[in-house]
Amino acid sequence: MYIDYEVADRIATITLNRPEAANAQNMQLLDELDAAWTRAAQDEDAAVIVLRAEGRHFSAGHDLNDRWPSPDEITLEWIYNAETRRYLDYSLRWRNVPKPSIAAVQGRCIAGGLLLCWPCDLIVASEDALFSDPVVTMGIGGVEYHGHTWELGPRKAKEILFTGRPLTAEEAEKVGMVNRVVAREELDAATRELAAQIAEMPAFGLRQAKRAVNQTQDVQGFYAAIQSVFDIHQTGHGNALSVGGYPILVKLDEMKAKLK
């Protein structure tokens, strides 16, 4: 319902197709997206994976109207289990798919949207792309998959988290989070051109090159840090539950509604 999948010229294209909600991620969308990643990983006709989105925005993040049961049923255990599967495990699995992947990002990429593009090996962004993680306003130290420090460096990561301001595509390219910045109308073509260039390389060589880089990060502490910071994230939920909930969710929901 929310994800399109196609293969042509050895490129598997996975498309977020919920533009009326700025590609906000409900649980069904994430489950469909994980199934598409699994399909692409196993597809013998696909050498490279492209993740893109329909509409004005790449993703407004988690769908706040979908993710929670009724207030009297919310427990930290429920949150921990749900987020472990769909936010932490999914993102790590996509990161480690043994094929090169490229995210094409336009418009807003908010909080949970980072969990979709950061696991990709390369990111091509349109000039109007804005990357943000405003969840400190909820009393939480950052989204579940803490790529911030690795993607931005410690000081820029702190600035973006402390202020909640969006990072522009130009800034993201300067710190190495984004590989290329192109005009909005050129985003799909530029991404596909890059994917086609990579698809001509030997598949085994690509797999080993990706493994080498990812494993180097893991030796440097990436995997252990992602796991430990996920638990730090959960203390934010515990604090919110102890003080009576998430009133800031209403403001965040209003902000996302303006993106539609």
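Analysis parameters
Residues numbered from 1 in each chain as written. Predicted model: local features only at pLDDT ≥ 70, side-chain atom pairs only at ≥ 80, totals over all residues. Heavy atoms only, no water. Buried < 20%, exposed > 50% of the residue type's maximum accessible area, 1.4 Å probe, protein only. Helix = DSSP H or I, 4+ residues; strand = E, 2+ residues; numbered from the N terminus. Pairing = 2+ DSSP bridges. Phe/Tyr/Trp six-rings, centres within 6.5 Å; stacked < 30°, edge-to-face > 60°. 1 Å grid on protein atoms, 1.4 Å probe; cavity = no way out; pocket = protein on both sides within 12 Å on 5 of 7 lines; lining within 4 Å. Points joined across faces, edges and corners; volume = space filled by probe spheres on them. Nonpolar A, V, L, I, M, F, W, Y, C, P; charged D, E, K, R; others polar. Axes fitted to C-alpha atoms, helices over the stretch in contact; angles between N-to-C directions. Salt bridge = Lys/Arg side-chain N within 4 Å of Asp/Glu carboxyl O. Expected span 1.5 Å × (residues − 1). Bend = angle between axes of the 7 residues up to and from the residue. Contact = heavy atoms within 4.5 Å.

Trainee: Explain the pairing of strand 4 (residues 101-105) residue by residue, including any values.
Mentor: Most of strand 4 is tucked away: five of the five residues are buried. Along strand 4, one buried face is formed by Ser101, Ala103 and Val105 and the opposite face, lined by Ile102 and Ala104, is buried too. In this structure, strand 3 (residues 48-53) lies alongside strand 4, joined through three bridges in parallel fashion. Its bridge partner being in strand 4, isoleucine 49 is matched across the sheet by serine 101.

Trainee: Report on the packing of aromatic side chains, specifying residues and quantitative values.
Mentor: The way to describe two aromatic rings as a pair is by their centre distance and the angle between their planes. Scanning the entire structure with this criterion turns up five aromatic pairs. With a centroid separation of 6.0 Å and an interplanar angle of 10 degrees, the aromatic rings of tryptophan 37 and tryptophan 94 are classed as stacked. Taken together, the residues tryptophan 37 in helix 1 (residues 27-42) and tryptophan 94 in helix 2 (residues 76-95) connect sequence positions 57 residues apart. Where tyrosine 80 meets phenylalanine 230, the ring centres are 5.3 Å apart and the plane angle is 65 degrees; that geometry is what we call edge-to-face. Of this pair, tyrosine 80 sits in helix 2 while phenylalanine 230 sits in helix 9 (residues 222-242), and the two are 150 residues apart along the sequence. Owing to a relative accessible area of 32%, tyrosine 80 belongs among the partly exposed residues under this scheme.

Trainee: Just give me the short version of the layout of surface pockets, but keep the residues and values in it.
Mentor: Each pocket or cavity is described by its volume, and for the largest pocket that value is around 510 Å³. What lines the largest pocket is a set of 24 residues, and nearest its centre among them are Cys120, Asp121, Val213, Asn214 and Gln217. Elements supplying a minimum of two residues to the lining of the largest pocket: strand 6 (122-126), helix 4 (148-152) and helix 8 (203-219). It is helix 8 that provides the largest number of residues to the lining of the largest pocket, a total of six residues. Tallied by class, the residues present in the lining of the largest pocket amount to 15 nonpolar, five polar and four charged.

Trainee: A description of the sheet that holds strand 1 (residues 3-8) should follow, citing residues and the corresponding values.
Mentor: In space, the six strands of this open sheet follow the order 1-2-3-4-6-9, with mixed pairing throughout. Both edges of this open sheet fall to strand 1 and strand 9 (180-182), since each of them pairs with a single strand only. Averaged over all neighbouring strand pairs, the angle between strand axes comes to 20 degrees, with direction disregarded.

Trainee: Now, about the pattern of salt bridges: what can you tell me, with residues and values included?
Mentor: Enumeration over the complete set of coordinates arrives at 14 salt bridges. The residue aspartate 34 makes a salt bridge to arginine 93 at a minimum N-O spacing of 2.8 Å. Here aspartate 34 is found in helix 1, whereas its partner arginine 93 is found in helix 2, with 59 residues between them in sequence. Take aspartate 34: its relative accessible area is 9%, and that puts it in the buried class.

Trainee: Lay out helix 2 with the relevant residues and their values.
Mentor: When the terminal C-alpha atoms of helix 2 are compared, their 27 Å separation across 20 residues agrees well with the 28 Å that a helix rising 1.5 Å per residue should span. At threonine 84, helix 2 shows its maximal bend, which comes to roughly 45 degrees. Where helix 2 is concerned, the buried positions are Ile79, Ala82, Glu83, Arg86, Tyr87, Leu88, Tyr90, Ser91, Leu92, Trp94 and Arg95. On the buried face of helix 2, the contacting elements are helix 1, helix 3 (114-117), helix 8 and helix 9.

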